[in-house]
Amino acid sequence: GAWRCRVPDQVQTPARARPVDDSPSSSYARACIEVHSHVDMHARFSSLDDQDEVGFRVYAVLGCISTTPVIRVRVGMYGYRHDIPANWVFDLPPEFGDAVTG
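A short tour of the structure in this document, coming up.

So, how was this worked out
- Within any chain, residue numbers begin from 1 and follow the written order of that chain's sequence.
- Note on the predicted model: pLDDT of at least 70 is required for a residue's local features to be given, and 80 or more for side-chain atom pairs to be given and counted; whole-chain, interface and lining totals, by contrast, use all residues.
- Hydrogens and water molecules were not included; the side-chain quantities draw on all heavy atoms of the structure.
- Note on definitions: salt bridges are taken to be side-chain nitrogens of Lys or Arg within 4 Å of carboxyl oxygens of Asp or Glu.
- Helix and strand labels come from DSSP, where a helix needs a run of H or I of at least four residues and a strand needs a run of E of at least two; each type is numbered from the N terminus.
- Criterion used throughout: strands pair if DSSP finds at least two bridges between them.
- If you view a crossover with the strands going away from you and the path from the first strand over the helix to the second runs clockwise, you call it right-handed.

It is worth spelling out the pattern of salt bridges at this point. Oppositely charged side chains may form a pair once their charged atoms are brought near each other. Summed over all chains, the structure comprises seven salt bridges. Between E53 and R74 there is a salt bridge, with its nearest N and O atoms 2.7 Å apart. Here E53 is found in the loop between α2 (47–52) and β4 (56–63), whereas its partner R74 is found in strand β5 (residues 70–77), with 21 residues between them in sequence. Here the salt bridges share partners, and the residues they tie into one network are D50, E53, R74 and R81.

Listed below in structure tokens is the structure:
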């Protein structure tokens with residue numbers, strides 16, 4: 001009944017991170033929320049994100065972490081995507097902005 005945060009083993013490049021194990025029984029495949037960071041770039045989903053995020057789950061990207069942290073959240077369903085307010089999913093700390101609601 002509790003939420004768990006899992007960071008799967010990953011193959012990482014400067015532009016992308018992919019799980020080593022994405023089999024149906026992996027923590028990655030069973031995740032309902034996937035979050036990644038663009039560090040100090042804007043909190044927006046890139047074309048690579050659009051290519052990678054084709055499952056059925058909530059996706060979030062963090063941006064401007066060192067200055068004014070912002071999060072953008074969307075729900076994805078097999079290639080269809082729609083931005084949603086972050087507070088529909090997360091209890092945000094006061095210093096975090098929401099890229100969707102401003």
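Read on for the rest.
Successive side chains on a regular strand alternate, one facing one side of the sheet and the next facing the other. Two elements, strand β3 (residues 33–37) and β4, share five bridges in a ladder whose sense is parallel. Bridging across to β4, V35 finds its partner in A60. Regarding topology, α2 serves as the crossover connection from β3 to the parallel β4, and that connection is right-handed.

This next bit is on the pairing of strand β6 (residues 80–84). One ladder, built from five bridges, connects β5 with β6; its direction is antiparallel. Counted as the bridge partner of V75 is H82 from β6. Counting the residues in the hairpin turn of β5 and β6 gives two residues, including Y78, whose phi is positive at 55°.

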